[in-house]
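# What the coordinates show
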Amino acid sequence: MATAVASAATSNEESSAPSFLIINPNKGSKRDIVKYLLLKDVKSGMNFLESSDEEIKSKAVLDQWWKVLVSIIMSKILQLLDKPMEYLCYAVEFFLNLLSQNHGFLRLLYNLFNGIVKKPKRGSEDFLSMIGHVDPRVELYKTRILSEKVDNYIASDVAKIKTDLGDKYLMDLCVMAAKIVYENKNVVQNVVDNYWKMHFVAFYDCWIEKQQESNTQVFICCDKPKDASLIVVSFRGTEPLNAQDWITDFNLSWYEIPKVGKVHVGFLEALGLGTRNDPSTFQTHLAKHESEAKMKELAKKRAYYAVVSKVKELLKEHVDAKIVVTGHSLGAALAILFTSVLVIKEETEMLDRLLNCYTFAQPRIGDSKFGAFMEAYLNYPATRYFRVVYCNDMVPRVVADDNVFFNFKHFGTCIYYDSCYFGELMEEVPNKNYFSLLHAIPMWVNAYWELFRSLWLCYIYGPDYKESWCSTLFRMVGLLVPGIAAHSPVDYVNSVRLGRDKLFTPSLALKSFVVKS
């Protein structure tokens, strides 16, 4: 491991002083927005930016003005909508749970008439999020218990594995963990203990300094309570009506870690590794090690430290256990960034026992240099990071890969599924930046096909693939903006479970799991 990381650092030599670019929509005025929009006024645009270097600011304002402008405007709009979206979320979730817990609209009317309506209780084990209503499935693939499978998986020699990429049981566990983390603690614990027959360990709701609220959720479970073989860490993604999540996604601010590369500031903040209000805090949190007392203090509120502290305890308790990290959407970004910070901070024990990081619908988190640094570790001695992308999902195609200023790029092995659930390995997905007139018409046609397909899939593959009315409604919204509905966990679960043999041929698996000399 040390050789891989050292070679990456050597190939990315930089000065030790960190640089950064912070887009702060609250610094400038509405007049500055208008002048920057209509006149491309440089001074007005620079009023919204903070940087370690004036040249960096001026380049961003001049060369990437529309991206900076979109980031500013969307952040402003989302700030105004923060509370209305929060209240709307409460109302929508209450209504959905009222319907589901009373077994549909007609039964609800009957219960109302007879005075026996079941009132949803937020935080209870049967109160589901909007994501939970879009895809209410909780059982693992064919309800198989993973313990024996995981033991065999870990005992195998990596160089001899021919079908691990096609191990639907492990991938299914990851995608289901990435989906179920959208729920509250009691739902998660009930699913892990009673449906998966695994062992629930912890659920964290962690503080984000910039937002001044707890908005990063992550849960940890093991395949069994004693002598566990697998530890699963899953980060929550972007909630549909959470304005702060969307502000994090739209903001293009970056911080450059010396000798590593540029990283998305919002994702660092979500892990509790600093705040843009004081960029020097990133450097402090990304230092190599903290004292045990400092770790305990930070673990009380910050996601990265809470997870590291708990996983280290579990590794001591379960001496043969391996770690899998996963997430969907924003949670996917946090999953791979969490893994990356382990490398940066040289958490050798955890890295040596990292089995895989599976991300689903992951946005880009850093620049090409950051990707090269991470690939040097995550591809040694074998591929341990898989980025799963479904068809036209727009989120994996942001932040833009433009080769100019922001230069955010994906890295690692991409498992790409098309709308027929055929999968293949590739470095980058088709239409990698989403905004393309060339792809617009095929994307719209595909959105109609996905809606049509959703109506009959259950007749071919069984009742597990019958989509909820919420999912159908979401697909109809996707007809207006193709790529939105493709971000739903529904298609990611279906891709893993129905993925065609094209993905799982021995030659492709061997290509991914070859040991680097």
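Going by the structure above, here's the rest.
## Concerning the overall build of the protein chain
If you tally the helices and strands in the protein chain, you get 22 helices and 14 strands. Each of the 517 residues in the protein chain was classed as buried or not, and the buried ones make up 57%. Accessible area for the protein chain stands at about 22,300 Å²; split by element, carbon and sulfur atoms hold 59% of it.

## As for the pattern of salt bridges
Inspection of every chain in the model, using the stated rule, returns 19 salt bridges. Note that R137 and D135 form a salt bridge whose closest N and O atoms lie 2.9 Å from each other. Among the residues examined, R137 registers a relative accessible area of 13% and is labelled buried. Overall, D135 belongs to the buried group, its relative accessible area being 2%. Overlapping salt bridges bring together R453, E467, R475 and D491 as one network.

## Brief notes about the pairing of strand 4 (residues 213–222)
With eight of its 10 residues buried, strand 4 lies for the most part within the structure. With nine bridges connecting them, strand 3 (residues 199–208) and strand 4 associate as antiparallel partners. Note that in strand 4 the partner of A202 across the bridge is I220. Relative to strand 5 (residues 230–235), strand 4 runs antiparallel, the two sharing five bridges. Counted as the bridge partner of C222 is I231 from strand 5.

## Things to note about the sheet that holds strand 8 (residues 322–328)
Taken together, the eight strands give an open sheet; going across it, the order is 3-4-5-8-9-11-13-14, and neighbouring strands pair in mixed fashion. Of all the strands in the sheet, the pair left with one neighbour each is strand 3 and strand 14 (423–426). Put simply, the sheet's adjacent strands are angled 20° from each other on average, direction ignored. Alignment of strand 5 against strand 8, held across six bridges, turns out to be parallel. Counterpart to V232 in the pairing with strand 8 is V324. Most of the contacts of helix 9 (residues 168–180) go to strand 9 (residues 354–360), to which it runs at about 55°, and overall it touches strand 4, strand 5, strand 8, strand 9, strand 11 (385–390) and strand 13 (413–417).

## Section: the packing of aromatic side chains
When we look at a pair of aromatic rings, we describe it by the centre distance and by the angle of the planes. The full count for this structure, using the stated rule, is 17 aromatic pairs. Both rings, one in Y304 and one in Y305, keep their centres 5.2 Å apart while their planes meet at 85°; by these two values the pair is edge-to-face. Ring pairs connect the aromatic residues F235, Y304, Y305 and F338, which therefore count as one cluster. The ring of W254 is capped by K262, whose NZ or CZ atom sits 4.3 Å from the centre of that ring. The residue whose ring lies beneath K301 is W207, and the NZ or CZ to ring-centre distance is 4.5 Å.

## Remarks on the nonpolar core
Grouped together as the largest cluster of nonpolar side chains are 63 residues, with contacts concentrated most on F235 and F338. Counting residues per element, this core draws most heavily on helix 16 (residues 330–344), at 11 residues. Once residues within four sequence positions are removed from consideration, F338 is found in contact with F235, L271, Y304, V307, V308, V325 and M350. Membership of the second largest hydrophobic core comes to 49 residues, among which are L140, A178, F200 and F386.

## Side note on the pairing of strand 7 (residues 261–264)
The pairing of strand 6 (residues 254–257) with strand 7 spans four bridges and is antiparallel. Along strand 7, the bridge assignment pairs E256 with K262. Where strand 6 hands over to strand 7, the hairpin turn is made up of three residues, of which K259 adopts a positive phi near 70°.

## Side note on a nonpolar patch on the surface
A cluster of nonpolar residues, V34, L37, L38 and L39, forms a patch on the protein surface that exposes about 410 Å² of accessible area. By the secondary structure assignment, L39 is in helix 2 (residues 30–39).

## Considerations on unusual backbone geometry
Backbone geometry at H103 places phi at a positive 65°, although glycine is not the residue there. Within the secondary structure layout, H103 lies in the loop between helix 5 (65–101) and helix 6 (105–114). The class of H103 is exposed, set by a relative accessible area of 64%. Phi at Q212 is positive, roughly 55°, even though this residue is not glycine. With respect to the helices and strands, the residue Q212 is situated in the loop between strand 3 and strand 4.

## As for the layout of surface pockets
Approximately 1,300 Å³ is the volume attributed to the largest pocket. If you trace the largest pocket, you find 41 residues lining it, with W246, F250, M394, V395 and I484 closest to the centre. Among the secondary structure elements, those contributing two or more residues to the lining of the largest pocket are helix 5, helix 7 (130–134), helix 11 (243–250) and helix 20 (469–477). Counting residues per element, the lining of the largest pocket draws most heavily on helix 5, at seven residues. When the residues that make up the lining of the largest pocket are grouped by side-chain class, the tally is 31 nonpolar, seven polar and three charged.

Definitions and limits used
- Residues numbered from 1 in each chain as written.
- Predicted model: local features only at pLDDT ≥ 70, side-chain atom pairs only at ≥ 80, totals over all residues.
- Heavy atoms only, no water.
- Helix = DSSP H or I, 4+ residues; strand = E, 2+ residues; numbered from the N terminus.
- Buried < 20%, exposed > 50% of the residue type's maximum accessible area, 1.4 Å probe, protein only.
- Areas by Shrake-Rupley, 256 points an atom, 1.4 Å probe, with all protein chains shown as cover.
- Salt bridge = Lys/Arg side-chain N within 4 Å of Asp/Glu carboxyl O.
- Pairing = 2+ DSSP bridges.
- Axes fitted to C-alpha atoms, helices over the stretch in contact; angles between N-to-C directions.
- Contact = heavy atoms within 4.5 Å.
- Phe/Tyr/Trp six-rings, centres within 6.5 Å; stacked < 30°, edge-to-face > 60°.
- Lys NZ or Arg CZ within 6 Å of the ring centre and 35° of its normal.
- Core = buried A, V, L, I, M, F, W, Y, C linked by side-chain atoms within 4.5 Å.
- Patch = residues over 30% accessible without salt bridge, like charges linked within 9 Å, V, L, I, M, F, W, Y side chains within 5 Å.
- 1 Å grid on protein atoms, 1.4 Å probe; cavity = no way out; pocket = protein on both sides within 12 Å on 5 of 7 lines; lining within 4 Å.
- Points joined across faces, edges and corners; volume = space filled by probe spheres on them.
- Nonpolar A, V, L, I, M, F, W, Y, C, P; charged D, E, K, R; others polar.

Read these as geometric descriptors, not functional statements.
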